[in-house]
Amino acid sequence: MITRYALIAALLACLGLGGALWWQSDRVAGLEADKARLERSVLSLEAARAQARTAARVAQAEAERQRALAAEYEQVKDAFREGDFDAPLPDDFRALLDRILRPGE
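Every chain's residues receive numbers from 1 upward, in the order its sequence appears when written. In keeping with the model being predicted, local features are shown solely for residues with a pLDDT of at least 70 and side-chain atom pairs are shown and tallied solely at 80 or more, while totals for entire chains, interfaces and linings include all residues. The side-chain values count all of the structure's non-hydrogen atoms but skip hydrogen atoms and water molecules.

Trainee: Please provide a residue-by-residue account of the overall build of the protein chain, values included.
Mentor: Secondary structure counts use DSSP, requiring at least four H or I residues in a row for a helix and at least two E residues in a row for a strand, with both numbered from the N terminus. For the protein chain, the count of helices and strands is two helices and zero strands. Counting only C-alpha atoms, the protein chain reaches 120 × 30 × 15 Å along its principal axes. Relative accessibility decides the category of a residue: with a 1.4 Å probe and only protein chains considered, values under 20% of the type maximum give buried, values over 50% give exposed, and everything between is partly exposed. Taking all 105 residues of the protein chain together, the buried fraction comes to 6%. When charges are counted, Lys and Arg contribute as positive and Asp and Glu as negative, whereas His and the chain ends are disregarded. In this description, the location of a charge corresponds to atom NZ of lysine, CZ of arginine, CG of aspartate or CD of glutamate. Distance between charge centres in the protein chain, computed from 15 positive and 17 negative side chains, equals 14 Å.

Trainee: Got a sec to walk through helix H1 (residues 2–81)? Specific residues and values, please.
Mentor: The span you would expect from a helix comes to 1.5 Å times its residue count less one. The end-to-end C-alpha distance of H1 is 115 Å, a good match for the 118 Å that 80 residues give at a rise of 1.5 Å each. When we look at burial in H1, the residues that qualify are Leu69, Val76 and Ala79. Of the surrounding elements, those touching the buried residues of H1 are helix H2 (91–101). Following H1 by one or two positions, Gly83 adopts a phi angle in the positive range, close to 85°. We call two residues contacting when some pair of their heavy atoms lies within 4.5 Å.

Trainee: So what about the environment of Gly19? Which residues, and what values?
Mentor: Its location among the elements puts Gly19 in helix H1. The spacing of Gly19 and Gln66 is 47 residues in sequence and 70 Å in space, taken between C-alpha atoms.

Trainee: Could you give an account of the environment of Met1, with specific residues and numbers?
Mentor: With respect to the element layout, Met1 can be found in the segment before H1. Sequence separation between Met1 and Leu89 is 88 residues; the distance between their C-alpha atoms is 112 Å.

Trainee: How would you summarise a nonpolar patch on the surface if you had to cite specific residues and measurements?
Mentor: Only residues whose relative accessible area exceeds 30% and that form no salt bridge enter a patch; like-charged residues are grouped when within 9 Å of one another, and nonpolar side chains (Val, Leu, Ile, Met, Phe, Trp, Tyr) when within 5 Å. Surface accessibility follows the Shrake-Rupley procedure with a 1.4 Å probe radius. Residue values consider only the protein chains on display as shielding. We count a salt bridge whenever a side-chain nitrogen from Lys or Arg sits within 4 Å of a carboxyl oxygen from Asp or Glu. A cluster of nonpolar side chains, Met1, Tyr5, Ile8, Leu11, Leu12 and Leu15, forms an exposed patch at the surface whose accessible area comes to about 680 Å². On the secondary structure map, Leu11 appears in helix H1.

Trainee: Lay out the pattern of salt bridges in plain terms, naming residues and giving numbers.
Mentor: The final tally for this structure, using the stated rule, is seven salt bridges. Note that Glu39 is salt-bridged to Lys35, the shortest N-O span being 3.3 Å. Of the two residues, Glu39 and Lys35 both sit in helix H1, four residues apart, roughly one turn of that helix. Residue classification places Glu39 among the partly exposed positions, given a relative accessible area of 41%.

Now the structure itself:
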């Protein structure tokens, strides 16, 4: 009689252990899916960060180019103020004047 109860208790313990293992494996699968999703999110954020850094470098280069052009035009403006109309003009400024003065061509 005691062996029957021991066998039943052992069977219930095995069933309980099996249920706990099944529940844990389900949790592990869910956590692995979350991990994969978070890894993809990290990769996406790293790509966005790299793109933002590239955009910042491009913006910095454009700002430097604009500063150089502004300095060049400032020199032209100062030369005109001083009456030096023979000062060399920047190429793009000459092209602009050419388009303004010869619109039909």
